[in-house]
Amino acid sequence: QAALTAGNAAISLGLSSALPVLEHGGTFTDYFTFAGVLTSEQLGVISVGEESGALVESMEKMIIRLEEDNRERFTTLIKTTGYVIYFIAAAVVAITVISFYSDYFKII
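Residues numbered from 1 in each chain as written. Predicted model: local features only at pLDDT ≥ 70, side-chain atom pairs only at ≥ 80, totals over all residues. Heavy atoms only, no water.

### A closer look at the overall build of the protein
Then, in step 1: Helix and strand counts for the protein come out as 5 helices and 0 strands.
Then, in step 2: Its helices and strands taken in sequence order, the protein reads α-α-α-α-α from the N to the C terminus.
Then, in step 3: Relative to its length of 108 residues, the protein is extended, with a C-alpha radius of gyration of 26 Å against a globular reference of 13 Å.
Then, in step 4: In terms of overall dimensions, the protein has a C-alpha envelope of 85 × 25 × 20 Å along the principal axes.
Then, in step 5: Every one of the 108 residues in the protein was classed for burial, and the buried ones make up 16%.
Then, in step 6: A separation of at least 24 residues holds for 9% of the contacts in the protein among residues at least 6 apart in sequence.
Then, in step 7: For the protein, the exposed area adds up to about 8,600 Å²; of that, 67% sits on carbon and sulfur atoms.
Then, in step 8: If you average the places of the 6 positive and of the 12 negative side-chain charges in the protein, the two averages end up 15 Å apart. (Helix = DSSP H or I, 4+ residues; strand = E, 2+ residues; numbered from the N terminus. Rg over C-alpha atoms; globule rule 2.2 N^0.38 Å. Buried < 20%, exposed > 50% of the residue type's maximum accessible area, 1.4 Å probe, protein only. Contact = heavy atoms within 4.5 Å. Areas by Shrake-Rupley, 256 points an atom, 1.4 Å probe, with all protein chains shown as cover. Lys, Arg positive; Asp, Glu negative; His and termini not counted. Charge placed at Lys NZ, Arg CZ, Asp CG, Glu CD.)

### Structural notes on the confidence of the model for the protein
Any residue range with low pLDDT should be treated as having predicted coordinates unsuitable for detailed reading.
Then, in step 1: Summarising the model, the protein shows a mean pLDDT of 87, and 95% of its residues fall at 70 or more.
Then, in step 2: Within the protein, helix α1 (residues 9–17) has the poorest average pLDDT of any element, 84, and helix α5 (residues 55–101) the best, 92. (pLDDT = per-residue confidence, 0-100.)

### Focus on the side chain of Ser58
Then, in step 1: Looking at the secondary structure, you find Ser58 in helix α5.
Then, in step 2: Once residues within four sequence positions are removed from consideration, Ser58 is found in contact with Val45 and Gly49.

### Some remarks on α1
Then, in step 1: Among the residues of α1, Ser12, Gly14 and Leu15 are the ones counted as buried. With its buried residues spanning 165° around the axis, α1 presents them on a single face. The exposed set on the far side of α1, more than 90 degrees from its buried face, consists of Ala9, Ala10 and Leu13.
Then, in step 2: Considering only its buried residues, α1 is in contact with α2 (19–23) and α3 (28–35). (Arc of directions from axis to C-beta.)

Here it is as C-alpha cells:
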C-alpha cells in the first residue's frame, strides 16, 4: 500500500511490481533496482546503508541531499523566470515606444 502514496503513477507501478523481490527475501537494493525508480547513486547509498547496518541514517542523508538539490533547482527556476519576465516586459515596452514614435520618424 505504501507504493501507492508515491504521488506518481509510474513510480507507484514500479514500486508495486517490485514487491515480490522483498517477499522472496531480496534486499532493499534489489527491490529499488528492480523497481527502477532510483538513480545509481541513490542505489549505492542504500546498498552501503544495508551493508553497514545504517540504512535509516543513509536514507535520511540521501533525502536531505535531494531536498537541498530540489531547493537549489527551484531557486534557479524562480530567478530564471524573473529574468525572462523582465526581458519580455522590456521588449513589450520597447515595441510600444518604437511604434508610438515611428510616425514621427517616417521619411516621405
